[in-house]
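Listed here are the chains, written in short residue letters.
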Amino acid sequence: MVGLEDSIRSLLIPSDEPKYVLECLLLPSKDNVQDKDETKDPSSLQHQRIVAVIVHKEQSNGWEEGSVFVLKRKLFSSSTSNELEIHRMFPVYGDFTITMAQLPQDFHNSHSANFPRSRFKVTINPGQSLVGNEPLDLVTDDVSALKNVLAECRRLKELSEIAPEVNSPTQTYSWLAPYTTNNNNNIFIPPLFTVFTVPSSFPDLRNLNQSLYSRLSSASTGTPGDESNDIVLIRDEWAHSRARNQCRRGRVRLEYDFPVFVRPQYLWMFSLRLGTFNVNGKMPTQDLAAWLRGGTPNARTERSLEHGLLPAVKGISPLSLGEVVKDPFDARHNGESTASLVSSSESSTTRASVPDIPIPLESPEVPLLSISENSDSTQSDPNPDILVLGFEELDLSTEALLYSTSSAREDAWTLAVFAALGEKAEMYEKLASKQLVGMLIMVIVKKSLRTCFSDIMTSSVGAGILGLMGNKGGTAIRLAFTPPASGLENLDTAFNNSATSEQDYHGVETPGPTVFTFVVSHLAAFDEMVTKRNADFHELSKRLVFDSSGGLTVSQSLVSVPEKFGVFETDILFWMVSPPDLNYRINLPDTDVRTVLSSKSWKNRLEVLTHFDQLRTAIREKKAFEIFHEHDIHHLPTYRFSGGVVADTLGYDVKRKPAWTDRILYAFSPLTARVTQSSYSGHGEITMSDHRPISANFNVDVDIFDKDQLHATAANLFRQVQGMEDLQERAKTKLSQTSIDMYDIYYKRKKTAGFTFQNYGKVPLSFRFLPVGMYGELFPAWLSVSHTTGLLLPNERIEITLTAYVDNMIASRLNLGPRDLNCTLIIHTLMGKDHFVAINAKYQYTCFANKLSRLTRLPGPIRSIKSHNDLLTERKAINAPREIMRLVNWLMTCAHPTDDLFTVEADSDIVDDIREYLDTGNEFPYSQDTRERSIPIAFGGALMELLKSLPEYIVPKELHGRCVAAADRDEAFEILDAFPPETVNVWISITAFLHYIVQSSPLRAETIGMFVSAVVKYMLQNNFRLAATFAPIFFGFLRTDLPSSTDTTPSAITPLGYQKFIMYFIQ
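By convention here, each chain's residues receive numbers from 1 onward along its written sequence. This being a predicted model, a pLDDT of at least 70 is required before a residue's local features are given, and a value of 80 or more before pairs of side-chain atoms are given or counted; all residues contribute to the totals for chains, interfaces and linings. Remark: hydrogens and water are excluded; side-chain values derive from all non-hydrogen atoms of the structure.

Quick rundown of the pairing of strand β14 (residues 439-446)? Include the residues and the values.
Looking along a regular strand, one sees the side chains alternate between the two faces of the sheet. Only protein chains enter the calculation, and the probe is 1.4 Å; a residue is then buried if its accessible area is under 20% of its type maximum, exposed if over 50%, and partly exposed in between. A helix here means a DSSP run of H or I that spans at least four residues, while a strand means a run of E at least two residues long, and both kinds are numbered starting from the N terminus. β14 sits mainly inside the fold: eight of its eight residues count as buried. Here strand β12 (residues 386-392) runs beside β14; their pairing, made up of six bridges, is antiparallel. Along β14, the bridge assignment pairs G390 with I441. Any two strands with at least two DSSP-identified bridges between them are counted as paired. Two successive antiparallel strands, strand β13 (residues 428-436) and β14, enclose a turn made up of two residues, where V437 displays a positive phi of approximately 50°.

Spelled out as structure tokens, the structure:
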């Protein structure tokens, strides 16, 4: 054996090491037996094989990758010779498996007796379906060496699946390339980024939602980075993206509402509804139909917000859920728990008086294919094809705290769910479920679609006391969805009906799956535990792991290499799909939350409250759930309600601050799927718990592709660029132009230009943009580029688009600099030379995004200044910015003011024109006598936009506490003495105008005959409305571009306190 290892080492490069060696014989089969005489002596030289586990170790970081080499003795060698050659290679990654099995009895009867009965069959399966890379069957009697080989392969497989945050390099296996120089077609090298092309292996969504450029090494002009590794990363991304785009035959839309035609000739209707409910330990006592089957959530929400109340709920007896024919899960085999990995059900029927919900449908102009069998493709089915439901605090008993395995509560809620489905219940069955103490997630699908789902796995972890107990933690389900064969047959019809299509066959022989992952979690409670909640999320992200060996027998798991998947290794991820009582709260005082919710003066009350929502803050500050999306919240907080006398006017418990503790978030791979949310609703009709359930409907587009074709295409693309790092210096490139003039650049006006970058050489090349200095900006802040990296094959070209756009933050810097925005872009060919593109542009100054102190020093319109030396000295500065005064004066002299000034959206085109007149100093072309209401509204909008654009707090941050503490009008006016002079004048001008609005309201001229109390009430309401509108403008508490206070306690910011301070000046 030592001689064999030495011979193997002689074939390897120094960084590669043989760990274990196993001597085998080629197992005769129909595929490798050409002559019956060959089986007479199976131990002959031509049947001998040497299996070696080779480990490659990166010298820079110690990272390991492995491959199984199968070697054979060279032709004409003696049986004692150790002259070897590589016959096959099997990289240990993805679907790779190596298994052992006892040789069957009939094998010895039909084959040579020279195979001892103590020998074992060894099968090496590469997990690839390409020709020349088929599984290999061997036989051996060295059990000890075989165990070592199996154990090492298992270790290497687990290493290949470790999440990227451990700083492992991309799994390229490019170190195998030198061993293919003998042109042996049996030696197969996987395409780079193989994890993308193998259907059962997935990259981490957190990486996919980062730009490729951010993953490249640091480099600048004259300071190259790790260009070899950069080429690998760019090549991987290119091969994966191009292969997927080339093999995509269309998209399936999983949709709840009505069809939206993305690529209609390849489109199926498919409904997806998710719901979450924290039941607070209660058993089902109400009909859940509104939650499960929806209705008109938008109309319900609008009514709720209009009256400030959640809709009233009609009590329903637990005995009136409908005529239950039978429990759909009574038929489970041998008393199997419904909490098992996959729970199947027999046909069941329940009755409930829940009407079907009509959904509008536009007539399709092209074939629209339904994913469900026997569905009318001309109508939208209101019955969802998939229901994913989650429950929290299912069991609050002390006995259940340590991972209770009882399924009694799951069975009860499952029965309630099917009862709520009414007469439609017989269409469904439960596909899978998973319970961890009080957390339960279940997936219910239409029976006609059951065969579309496979590879169902579950996972759960506790994060409660000691980090283990199940009162906190998460539970999850992972499943693969493959379009049904009936749908693919209908796809042929779509091709044939296309007037321009010359292809009459969809070409999808082996449809590839799309993987969905659903997670329910319950994190640390109480307002002050936000840091712990963020930490719990990251801990769950690491510990929630799906293991494919969960469904294997003990003997199978010992001889195969199981696959493990992290929660982010998926195409689409829904987090908190069952009531994910994240327990994230609102960082505002309790009084502020309740008053803003019930007050009519805060028109944007939900926007104000959600800005201070701890979950939204964590996402915004990238402390947790960074890559996730959430629909805008248009429903009232779902927690905490009280059924007793200790409730406020909205029904919330007076001892616990209202909050949106129940949420649904989602993330997805931008290449393999598209997800948009069509609704997000709370269901106040269901009152059995102190939480209210929520639901969400999603439109999901998933690819239709042939997985074998995808793999073959990716492999072919990789072969086209294999070894390109050694050929870069011979690359030849050409720019269509080396100088681009973008002319005038204006505030908030997008402008584009572009150029072509061409590879006219005979070898592929990769490129990236470089900054001038190591710590410099890649591009000026006002400029963005469509492609920061790329790969070009010979004779390919790429159109690179440049986009100039100046927002508030950028304008605040450009206003202080020179007009000329000239810069140079550097395109670097990796392992090659640099190319330069000169950009010329001229910035047009704007009065927006300037500090008030600077505006008061302008000698005239901002466009008239030639340089910053033209500014007035501080002693000669004017009292208040003339731009603000021009807007206020026009509004003050408007002959026909409108009551909805500052409350309705202004015409953006008119606002842009007004801003241009302010910048140039030209007279407004709008008469103060105009009766066109859009004009004064636009002036009001321009004033608000100007104030919002200021790169500073109008009221200095250090004075916010004093403003809130002001006890009366006199004290409020005294605080103005601490304001900067320019701020005092702006404050007085605007608040005086707001006071004028209230006093001169059109209603006052029509109050003859009205009660004085009604007039006073109207004026107070108008005062409160205006104060609430300007509170976030004056105090900047909704802005994310200004430095925030280090004090994050709920009492640090109080919208009501700011509103009260403004009221002292305008009432």
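Describe the packing of aromatic side chains, naming the residues involved and giving the relevant values.
Two aromatic rings, drawn from Phe, Tyr or Trp (for Trp, its six-membered ring), form a pair once their centres lie within 6.5 Å of each other, and the interplanar angle then sorts them: stacked below 30 degrees, edge-to-face above 60, tilted otherwise. The full count for this structure, using the stated rule, is 42 aromatic pairs. Aromatic pair W890 and F939: ring centres 3.9 Å apart, planes at 0°, arrangement stacked. One end of the pair, W890, is in helix α20 (residues 882-892); the other, F939, is in helix α22 (residues 934-949), with 49 residues separating them in the sequence. Residues W890 and F939 agree in their burial class; the two are buried. Think of it as a cone above the ring: NZ of Lys or CZ of Arg counts as a charge over the ring if it is within 6 Å of the ring centre and within 35 degrees of the ring normal. The aromatic ring of F641 is capped on one face by R692, whose charged end is 3.9 Å from the ring centroid. Sitting over the face of the ring of Y746, R749 holds its NZ or CZ atom 4.3 Å from the ring centroid.

Describe the packing of helix α21 (residues 908-920) against α22, listing the residues and the values that go with them.
Their axes nearest at 9 Å, the elements α21 and α22 cross at an angle of 60°. Taken as axis vectors, α21 and α22 run oblique relative to one another. As α21 packs across α22, the resulting crossing turns out to be right-handed. Between α21, through I910, V911 and I914, and α22, the contact on the second element is made entirely by S934, I935, A938, F939 and A942. When residues are grouped by polarity, Ala, Val, Leu, Ile, Met, Phe, Trp, Tyr, Cys and Pro land in nonpolar, Asp, Glu, Lys and Arg in charged, and all others, Gly among them, in polar. Within the contact of α21 with α22, the residues separate by chemical class into seven nonpolar, one polar and no charged. To get an axis, a line is fitted to the C-alpha atoms, and for a helix only the part in contact is used. The angle between two axes follows their N-to-C directions and goes from 0 to 180 degrees. When an angle is under 35 degrees it counts as roughly parallel; over 145 it counts as roughly antiparallel; between 65 and 115 it counts as roughly perpendicular; any other value is oblique. Handedness of a helix crossing follows the sense of rotation of the near helix relative to the far helix, less than a right angle counterclockwise being left-handed and clockwise being right-handed. The criterion used for residue contact is that any of the two residues' heavy atoms lie within 4.5 Å.

Residue-level account of the sheet that holds strand β17 (residues 514-522), with values.
Strands sit in the order β15-β16-β17-β20-β21 across an open sheet of five strands; the sheet is mixed. Two strands close off the open sheet at either side, each with one partner strand: β15 (453-462) and β21 (665-668). Adjacent strand axes in the sheet meet at a mean angle of 15°, parallel and antiparallel pairs treated alike. When strand β16 (residues 473-481) meets β17, the two strands line up antiparallel, connected through nine bridges. Looking across to β17, one finds that R478 is bridged to T517.

Go over the confidence of the model for the chain with me, naming the residues and quoting the values.
Overall, the prediction assigns the chain a mean pLDDT of 79, with 73% of residues at 70 or greater. No element of the chain has a lower mean pLDDT than helix α4 (residues 194-197), at 35, and none a higher one than strand β30 (residues 797-804), at 98. Considering only residues more than four positions removed or in separate chains, one finds that residues 466-470, a stretch of pLDDT under 50, has 18 contacts. You can read pLDDT as the predictor saying how much it trusts each residue, on a scale of 0 to 100. Segment residues 1004-1010 is flagged for pLDDT under 50; beyond a separation of four residues in sequence, or across chains, it makes six contacts in the model.

I'd like a rundown of the pattern of salt bridges, residues and numbers included.
Whenever a carboxyl oxygen of Asp or Glu lies within 4 Å of a side-chain nitrogen of Lys or Arg, that contact is scored as a salt bridge. What the rule picks out here adds up to 31 salt bridges. Linking R244 and D703 is a salt bridge whose minimum nitrogen-to-oxygen distance equals 2.8 Å. Residue R244 is found in helix α7 (residues 227-247), and its partner D703 is found in strand β23 (residues 694-704); the two are separated by 459 residues along the sequence. Accessibility classification places R244 together with D703 in one group, the buried group. Where D653 meets R640, a salt bridge forms, and the shortest distance between an N and an O atom there is 3.8 Å. Here D653, found in the loop between α16 (614-620) and β21, pairs with R640, found in the loop between α16 and β21; they are 13 residues apart in sequence, far enough to count as distant.

Tell me about the packing of helix α25 (residues 981-999) against helix α27 (residues 1055-1066), and name the residues and values.
Where α25 meets α27, the axes come as close as 8 Å, and the angle between the chain directions of the two elements is 75°. In terms of their interaxial angle, α25 and α27 are classed as roughly perpendicular. Where α25 abuts α27, its residues W987, T991, L994 and H995 lie against F1061, I1062, F1065 and I1066. Broken down by class, the residue content of the contact of α25 with α27 amounts to six nonpolar, two polar and no charged.

I'd love a proper account of helix α1 (residues 2-11), names of residues and values included.
By the burial criterion, the buried members of α1 are L4, S7 and I8. Along the long axis of α1, the arc covered by the buried residues comes to 100°, so they all point the same way. Opposite the buried face of α1, by more than 90 degrees, sit the exposed residues V2 and S10. In the core, the buried residues of α1 are packed alongside β1 (16-26), β2 (48-57), β3 (64-73) and β4 (84-91). By definition, the arc is the one covered by directions from the helix axis to the C-beta atoms.

For α20, give the residues involved together with the corresponding values.
For an α-helix, 3.6 residues make a turn, and residues three or four places apart therefore share a direction. Every buried residue of α20 is accounted for by E883, I884, L887, V888, W890 and L891. In an axial view of α20, the angular spread of the buried residues amounts to 160°, which keeps them on one side of the axis. Against α19 (852-855), α21, α22 and α25 lie the buried residues of α20.

Lay out unusual backbone geometry with the relevant residues and their values.
The linkage connecting Y639 with the following residue, R640, adopts the cis geometry, with an omega of -5°. Of note, the phi angle at K622 is positive, near 60°, even though the residue is not glycine. Along the chain, K622 turns up in the loop between α16 and β21. The exposure class assigned to K622 is exposed, which follows from its relative accessible area of 58%. Backbone geometry places A849, a non-glycine residue, at a positive phi of 65°. Within the secondary structure layout, A849 lies in the loop between β32 (834-843) and α19.

With reference to specific residues and values, describe the side chain of D662.
Relative to the helices and strands, D662 resides in the loop between α16 and β21. Note that His is not counted, nor are the chain ends; the positive residues are Lys and Arg, and the negative ones are Asp and Glu. Although D662 lies buried, it forms no salt bridge, and the closest oppositely charged side chain, R663, sits 8.7 Å away as judged by the N-O distance. Among the polar contacts made by the side chain of D662, one reaches the side chain of T638 at a distance of 2.7 Å. N or O atoms closer than or at 3.5 Å make up a polar contact, with two conditions inside protein: a donor-capable atom paired with an acceptor-capable one, and, for residues adjacent in sequence, both atoms drawn from side chains. Looking at D662, its side chain comes within polar contact range of the side chain of H691, at 3.1 Å.

Hey, could you go over the layout of surface pockets for me, with residue numbers and the actual values?
Size it by volume and the second largest pocket reaches roughly 920 Å³. Every residue lining the second largest pocket is counted, 28 residues in all, and those nearest its centre are E607, F902, M944, E945 and K948. In terms of residue count, the dominant contributor to the lining of the second largest pocket is α22 (five residues). Grouping the constituent residues of the lining of the second largest pocket by class yields 12 nonpolar, seven polar and nine charged. Grid points spaced at 1 Å over the protein atoms alone were grouped into cavities, where a 1.4 Å probe fits but cannot get out, and pockets, open sets with protein on both sides within 12 Å along at least five of seven lines, with lining residues defined by an atom within 4 Å of a point. Grid points are joined across faces, edges and corners, and a volume is the space filled by probe spheres set on the points.

Describe the nonpolar core, with residues and values.
The set of buried Ala, Val, Leu, Ile, Met, Phe, Trp, Tyr and Cys residues whose side-chain atoms join them within 4.5 Å is what this entry labels a nonpolar core. Residues W782 and F902 are the most contacted members of the largest nonpolar core, which totals 153 residues. A total of nine residues in this core trace back to one element, the largest contributor, which is α22. The contacts of W782, once residues within four sequence positions are left out, are M742, T803, A804, Y805, V806, I810, L814, L821, C823, I839 and A841. Grouped together as the second largest cluster of nonpolar side chains are 26 residues, F537, F565, M576 and L665 included.

Account for the sheet that holds strand β28 (residues 783-785), naming residues and giving values.
Taken in spatial order, the four strands of this open sheet run β24-β26-β30-β28, and their pairing is antiparallel. With partners counted over all chains shown, the strands left at the sheet margins are β24 (733-735) and β28, one partner each. Along the sheet, successive strands turn relative to each other by an average axial angle of 20°, direction set aside. Pairing of β28 with β30, which is carried by three bridges, proceeds in the antiparallel orientation. When the sheet's bridge partners are listed, V785 is paired in β30 with L802.

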